[in-house]
Amino acid sequence: MYKRTHTCGELRKDHIDETIHLNGWVNTVRLHGQVIFIDLRDRYGKTQIVFNSEDYNGDFVAVKKLSMEDVLSIKGTVQSRSEGAVNPDMSTGEIEVAVDSMELLSETAPLPFVITDRESALEDLRLKYRYLELRTDELQKNILTRHKTYQAVRSYLSDNNFVEIETPTLMKSTPEGARDFLVPSRIHHGKFYALPQSPQLYKQILMISGFDRYFQIVKCFRDEDFRADRQPEFTQIDVEMSFVDEEDIYSNMEGLTRHIFKELNDVDLPDPFPRITYADALAKYGSDKPDTRYELFLNDVKEFTDRSEFNAFKSAESVKAIVLPGGAKYSRKIIDGLTDFVKKYKAKGLTWMKGENGKLSGGIAKFFDENLQSDLIHATEIKDGDIIFIIGDEKTVVEPALGALRVEIAKREGLADPNIYKPLWVTSFPMFEYDEVENRYTAMHHPFTAPHQDDIEKLETDPASVLSRGYDLTMNGHEIAGGSIRIHSPEIQNKVFSLLGLSLEDAKEKFGFLVEALTYGAPPHGGIAFGFDRLVMILTGSNNIRDVIAFPKTTSAVSLMDDAPNTVSSQQLNELGIQIKPDKN
RNA sequence: GGGAUCGUAGUUCAGUUGGUUAGAACGCCGGCCUGUCAAGCCGGAGGUCGAGAGUUCGAGUCUCUUCGGUCCCGCCA
């Protein structure tokens, strides 16, 4: 092997006449009989190397056999390209390397797909040969962005006095929250560890231990169903701080977020970040993670539909609308498609009207007399050529359904500028949600979230109305971080457990160590966790979490490359004392 | 748990109302070619139409079952 003296992205006019060595993969071959051009590639770039049968010292026939993704080591001389042969699309396009000798380090088997074109294979094939897909420009760039994001996080937090501390990966299974991944214990038959859904309890205990400002870039595991932005194992930037309130968390985390976006994308985020309450976010955007890059606000139009002849909405708790400027171009077919779309969110249908000659037409317009039309037009500012979409139902149906429609329409109309980043704090979440299936309250954030100071008495009388000290940081319609000020009083912690239907006994068994720790001088504390993968998705402009993870799993939690999960030997099962039940069918 | 959608050559796709020998491009193999950069030109090999069952004289095409990918609802404190 000729050990490389330069990388494939490095050579310029300054290097002309130098004898150099390059190592890399054959990106493309252009064969012209007695002269052969090859673009040699490594992660730094591409350089054109030229084999000329008159100058080349080795076996020219062997060079003719080279194909894409063979691995080469070459010795040659940098030369300028003749005028007209310069390639302005390559950073090394002004030079080329005349090869003197070459060693074929590794010959590739026939490729399952073409590396230079990521779209040339379906995703399952690309995942099976992930090491090949990782050679593509796009994934190389994403993985590098991920790397730089780790470094930006570590340097900012470390510079601000945060201490990086590792917490266990084998921990105790706890009730509440997502399903745990379980790990059987060989030494303790019949007992299991759980993989952490997050290091929540450990980081609170670190505050009690006096570490004051903690962070960790940490893998978390949740055994639920997956989506374009959800993997069974994912990474969090986990942060906890002592002697703080919400404002301290906001200012520190805004600093971190601004630092990341400046370092990675040279973007200046606002200072401070805007805030909205959970209730307002739902009322105005129909979402607890609103994309504020565009308007399309939800309007309350119940007073107008109540005055109309359209009776279906008379009994509805809530009737809301969004107006799409220029939306009158939408055909019946498109509107039917949008109707099917909102039905996924439990809406029974989607009504609409179009602005035309200062009046409303189509859809349910005939149920609105002239006065009513003009009042509605005035209130919602419908103009000629616009369309208004209306949904009436329970408030808990109307807002999410219209919110989803708002996002769908923005996508259709290209309203979300990918180069704009709009952070937004969402605050004042309800403390509890009522779970109709389990017939009990569950924590909206988690059971360690402190109730709002003014609402503590209402824990007894009206739990549903209690607001928490939780907060989410959203950006462009994604939740990028979520956290809360924690409970640091053992009494209130026990009170919340009991409201969640955990008996004192259960609470003691599952979380007793935390409650006990709280009795030994717990500082007021709070924290947050960023979804690291989602953050990198936003930074890279990806819309798929698999594009920012080196070795991702499919939506059915399978790794197609190494075929995990898989069966284990009966000996392994025996040691663990585990017997596999036959399939249900 | 539910819904939608996709599965045809190594790969990406086309394949009509069910009808003869399932096509194209890229890749691969062979040949020509000294200035290309998605090189070009000529030739060739390559198919269990995801799997299974059914309807039919006849199935890539219709029906059912099943496996896998993707997207979504539920779920994800």
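All of these numbers come straight from a predicted model, not from anything done at the bench.

How each quantity is defined
- Residues numbered from 1 in each chain as written.
- Chains lettered and ligands numbered in written order.
- Predicted model: local features only at pLDDT ≥ 70, side-chain atom pairs only at ≥ 80, totals over all residues.
- Heavy atoms only, no water.
- Helix = DSSP H or I, 4+ residues; strand = E, 2+ residues; numbered from the N terminus.
- Expected span 1.5 Å × (residues − 1).
- Buried < 20%, exposed > 50% of the residue type's maximum accessible area, 1.4 Å probe, protein only.
- Axes fitted to C-alpha atoms, helices over the stretch in contact; angles between N-to-C directions.
- Parallel < 35°, antiparallel > 145°, perpendicular 65-115°, else oblique.
- Left-handed = near helix turned anticlockwise from the far one by under 90°.
- Contact = heavy atoms within 4.5 Å.
- Nonpolar A, V, L, I, M, F, W, Y, C, P; charged D, E, K, R; others polar.
- Patch = residues over 30% accessible without salt bridge, like charges linked within 9 Å, V, L, I, M, F, W, Y side chains within 5 Å.
- Areas by Shrake-Rupley, 256 points an atom, 1.4 Å probe, with all protein chains shown as cover.
- Salt bridge = Lys/Arg side-chain N within 4 Å of Asp/Glu carboxyl O.
- Pairing = 2+ DSSP bridges.
- Core = buried A, V, L, I, M, F, W, Y, C linked by side-chain atoms within 4.5 Å.

J.: I keep staring at helix H4 (residues 137–159) and nothing clicks. Help me out?
T.: Owing to its 3.6 residues per turn, the α-helix brings residues three or four apart onto one side. Spanning 23 residues, H4 covers 33 Å between terminal C-alpha atoms, matching the ideal 33 Å at 1.5 Å per step. Residues Leu139, Asn142, Thr145, Arg146, Thr149, Ala152, Val153, Tyr156 and Leu157 constitute the buried set of H4. Looking at the residues trailing H4, positive phi occurs at asparagine 161, about 75°.

J.: Sorry if this is basic, but what is going on with unusual backbone geometry here?
T.: Across the junction of aspartate 271 and proline 272, the peptide omega takes the value 0°, indicating a cis bond. Among the secondary structure elements, proline 272 is positioned in the loop between helix H6 (246–265) and strand E11 (275–277). A cis amide bond links alanine 564 with the next residue in sequence, proline 565, at an omega value of 0°. Along the chain, proline 565 falls in the loop between helix H15 (532–540) and helix H16 (570–576). A positive phi is found at serine 428, a non-glycine position, where the angle reads about 60°. Among the secondary structure elements, serine 428 is positioned in the loop between strand E17 (423–427) and strand E18 (432–435). Residue class for serine 428 comes out partly exposed when judged on its relative accessible area of 27%.

J.: Looking at this model, I keep getting lost on the packing of H4 against H15. Mind explaining?
T.: The axes of two packed helices give the description: the angle between them and the distance between them. Running from N to C, H4 and H15 point in directions that differ by 120°, and their axes come no closer than 10 Å. Looking at the two axes, H4 sits oblique to H15. H4 and H15 meet at a crossing whose hand is right-handed. Contacts from Lys141, Asn142, Thr145, Arg146, Thr149 and Tyr150 in H4 reach Phe532, Asp533, Leu535, Val536, Leu539 and Thr540 in H15. Partitioning the contact of H4 with H15 into residue classes produces five nonpolar, four polar and three charged.

J.: Help me out: how do you make sense of a nonpolar patch on the surface in this one?
T.: Taken together, the side chains of Tyr131, Phe551 and Met561 make up a nonpolar region of the molecular surface, amounting to roughly 310 Å² of accessible area. Structurally, tyrosine 131 can be placed in helix H3 (residues 130–133).

J.: Just to check I follow, could you spell out the sheet that holds strand E2 (residues 35–42) for this structure?
T.: Strand pairing in a sheet takes place through backbone hydrogen bonds and is either antiparallel or parallel in direction. Spatial strand order, E1-E2-E3-E5-E4: five strands in a closed barrel with mixed pairing. Strand-to-strand, the axes of this sheet are offset by a mean angle of 55°, without reference to chain direction. In this structure, strand E1 (residues 19–31) lies alongside E2, joined through six bridges in antiparallel fashion. Looking at the pairing, leucine 31 lines up with isoleucine 36 of E2.

J.: What's the story with the pairing of strand E20 (residues 470–475) in this structure? I'm lost.
T.: Looking along a regular strand, one sees side chains alternate from face to face of the sheet. Across the six residues that make up E20, a large majority, six, are buried. What you see with E20 is no split at all: Gly470, Asp472 and Thr474 on one side and Tyr471, Leu473 and Met475 on the other are buried throughout. Inspection of the sheet shows E17 paired to E20 by five bridges, in the antiparallel sense. What sits directly across from valine 426, in E20, is aspartate 472. Turn length for the E20-strand E21 (residues 478–485) hairpin, with the two strands adjacent in sequence and antiparallel, is two residues, and the turn residue asparagine 476 shows positive phi of about 50°.

J.: I keep staring at the pattern of salt bridges and nothing clicks. Help me out?
T.: Once their charged atoms are close, side chains differing in charge can pair, the charge on each being opposite to the other. On inspection of all chains with the given rule, the structure shows 35 salt bridges. Here arginine 258 and glutamate 254 are joined by a salt bridge, their closest N and O atoms 3.7 Å apart. Of this pair, arginine 258 and glutamate 254 both sit in helix H6, four residues apart, roughly one helical turn. One salt bridge in this structure joins lysine 262 and aspartate 268, with 3.4 Å as the shortest N-O distance. Classification of aspartate 268 by relative accessible area gives exposed; the value is 61%. Beyond isolated ion pairs, a larger network of salt bridges with shared partners links Lys203, Asp238, Glu240 and Arg486.

J.: Where do I start with the environment of proline 88 in this structure?
T.: In this fold, proline 88 is placed in the loop between strand E4 (71–80) and strand E5 (95–106). For proline 88, a relative accessible area of 71% corresponds to the exposed category. Separated by 129 residues in the primary sequence, proline 88 and isoleucine 217 place their C-alpha atoms 41 Å from one another.

J.: Quick question: what am I supposed to make of the pairing of E2 here?
T.: Of all eight residues in E2, six are buried, a share of seventy percent or more. Between E1 and the antiparallel strand that follows it, E2, lie three residues; glycine 33 among them carries a positive phi value of about 75°. In this sheet, strand E3 (residues 45–52) lies alongside E2 in antiparallel orientation, the contact comprising eight bridges. From the neighbouring strand, phenylalanine 37 faces E3, where its bridge partner is valine 50. What sits between the antiparallel neighbours E2 and E3 is a turn of two residues.

J.: Sorry if this is basic, but what is going on with the sheet that holds strand E15 (residues 359–361) here?
T.: Taken in spatial order, the five strands line up as E12-E13-E16-E14-E15 in an open sheet, and their pairing is antiparallel. Edge positions in the open sheet fall to strand E12 (299–300) and E15, since each of these has one partner strand only. As defined by bridge partners, strand E14 (residues 351–356) adjoins E15 across three bridges and the pair is classed as antiparallel. Bridge pairing links lysine 354 to serine 361 in E15.

J.: I tried to follow the nonpolar core on my own but got confused; where do I start?
T.: Inside soluble globular proteins, nonpolar side chains tend to come together where they are buried. One finds Leu157, Val239, Met253, Ile260 and Phe261 to be the most contacted residues of the largest nonpolar core, which totals 40 residues. Residue assignment for this core shows that the elements contributing at least two residues are H4, strand E9 (213–221), strand E10 (233–242), H6, E20, E21, strand E22 (525–531) and H15. Looking at this core, the element that brings in the most residues is H6, giving seven residues. For methionine 253, the contacting residues outside a window of four places in its chain are Leu157, Phe162, Val239, Trp425, Ile528 and Phe530. By size, the runner-up hydrophobic cluster in this structure holds 24 residues, among which are Leu296, Val342, Ile391 and Leu405.

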